[in-house]
Amino acid sequence: MDIYWIEQKEKKGPATVPDVIARIQMGELSPDTMAWHKGCENWQPLKSLPALADFMTQFTLPKKEPTVPESAENKEPATEPSSPDKEEPKTNSHFAPGIASRLLARFTDYALYASLVTGIIYLFKIPFNEFLLFSQPVFWLPSIILEAILLHQFGTTPGKRLMGISVTSLMGEGAPALHRSFSRSLGAFIMGMGCFIPLLSIITMAIAARMSLKGTLTLWDNRARTIALASSQKRPAPFLCLFIIFLSFHLVGFFLTPWIPDMMQQISIQAPEFAEWLQSQMQIQ
């Protein structure tokens, strides 16, 4: 359902219900901001809109009710009334994190996960298995469950915490419920990272970046009814994230050292010329 609202005495929108809820969560819109959607007779506060009724009951609302402008009275039902002049103050303690911050946080989490899994492989001397290579989508599947548990318990992950990002439910329940966390993690893996399939990953990340720049919810947040927020009170640590990614890259290489002979044999079967070039480079070093 499309919702319109008044900002700086001008009509804004349309926006979907999840997008409006996201703007309220970020402080871009106040529950008292005058708004309208199809089926409403008059402009009324967002907190009174029927489309937002389930969500707005979770808010602590001010006692004073704003008056409906006279210009919004006596309008035809289910038609868009004229815009009122009332505008409410906003707060901005939280804001939508940029696409660069979100990507850096996610890659930090994936780097830590890759180090953990390859460390277990090294510690328990697990024999070579091509499906356990980090270039395979199967390698990353357990990270979906791990991320979902962290989001449900803490509302964030190590990478997101370093970047000052948290994930909250749009349904007013704080940290998302486990099923919402899992839905979000699965959606981000498929619709955001493209299951780590090279060409698909480029396409899905481009779509996600475009949606982020437009200020709309990502496909996985929309699906799970969640939102990622950054706090103005928390200072992000991008250089620490980059260091973690750099260190994890070297740890993964070290942990997979026992697999190198088998990996080279596998490469020589699938791409003999590349394997020959790779061996020559290793000898040079």
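Above this note sits the structure.
Quick caveat: nothing in here was measured; it's all calculated off a predicted structure.

Enquirer: Mind showing me how you'd approach the layout of surface pockets here?
Expert: Empty pockets left among the atoms are what a rolling probe the size of a water molecule brings to light. Its volume calculated, the second largest pocket comes out at about 280 Å³. Considering the residues around the second largest pocket, the lining is formed by F107, Y110, A111, A114, F134, S135, W140, F196, I245, S248, F249 and V252. Looking at the lining of the second largest pocket, the elements with two or more residues in it are helix 3 (99–123) and helix 9 (238–255). Of the residues in the lining of the second largest pocket, the class split is 10 nonpolar, two polar and no charged.

Enquirer: Please clarify how the packing of aromatic side chains should be interpreted in this entry.
Expert: Between two aromatic rings, the relevant description is the distance of the centres plus the angle of the planes. Enumeration according to the criterion identifies 12 aromatic pairs in this entry. Taken together, a centroid distance of 5.3 Å and an interplanar angle of 70° make the contact between Y110 and W140 edge-to-face. Note that Y110 is positioned in helix 3 and W140 in helix 4 (residues 137–154), a separation of 30 residues in sequence. Judged on exposure class, the residue Y110 and its partner W140 are both buried. Among the aromatic side chains, those forming a connected cluster through ring pairs are Y110, Y113, F139, W140, F189 and F196.

Enquirer: Teacher, can you tell me more about the side chain of T157 here?
Expert: Position of T157 among the secondary structure elements: in the loop between helix 4 and helix 5 (158–162). Owing to a relative accessible area of 4%, T157 belongs among the buried residues under this scheme. Polar contacts involving the side chain of T157 include one to the side chain of D109, which spans 2.5 Å. Once residues lying within four places of it in the same chain are set aside, the contact partners of T157 are D109, E147, L150 and L151.

Criteria and thresholds
- In this numbering scheme, every chain counts its residues from 1 along its sequence in written order.
- Totals for whole chains, interfaces and linings use all residues, but because this is a predicted model, local features are given only for residues with pLDDT of at least 70 and pairs of side-chain atoms are given and counted only at 80 or more.
- The side-chain quantities take in all heavy atoms of the structure and omit both hydrogens and water.
- In this analysis, the protein atoms alone were mapped onto a 1 Å grid. Cavities are point sets where a 1.4 Å probe fits without being able to get out; pockets are open sets with protein on both sides within 12 Å along at least five of seven lines; lining residues have an atom within 4 Å of a point.
- Grid points are joined across faces, edges and corners, and a volume is the space filled by probe spheres set on the points.
- Strands here mean DSSP runs of E at least two residues long; helices mean DSSP runs of H or I at least four residues long; both are numbered from the N terminus.
- The nonpolar class holds Ala, Val, Leu, Ile, Met, Phe, Trp, Tyr, Cys and Pro. Asp, Glu, Lys and Arg form the charged class, and all remaining residues, Gly among them, are polar.
- Here is the rule: rings of Phe, Tyr and Trp (six-membered ring for Trp) pair when centre to centre is within 6.5 Å. Planes less than 30 degrees apart are stacked, more than 60 are edge-to-face, and the remainder are tilted.
- Exposure classes here rest on a 1.4 Å probe applied to the protein chains alone. A residue is buried below 20% of its type maximum, exposed above 50%, and partly exposed in between.
- What qualifies as a polar contact is a pair of N or O atoms within 3.5 Å, subject to a donor-acceptor requirement within protein and to the restriction that residues adjacent in sequence count only when both atoms come from side chains.
- For this analysis, residues touch if any pair of their heavy atoms sits within 4.5 Å.

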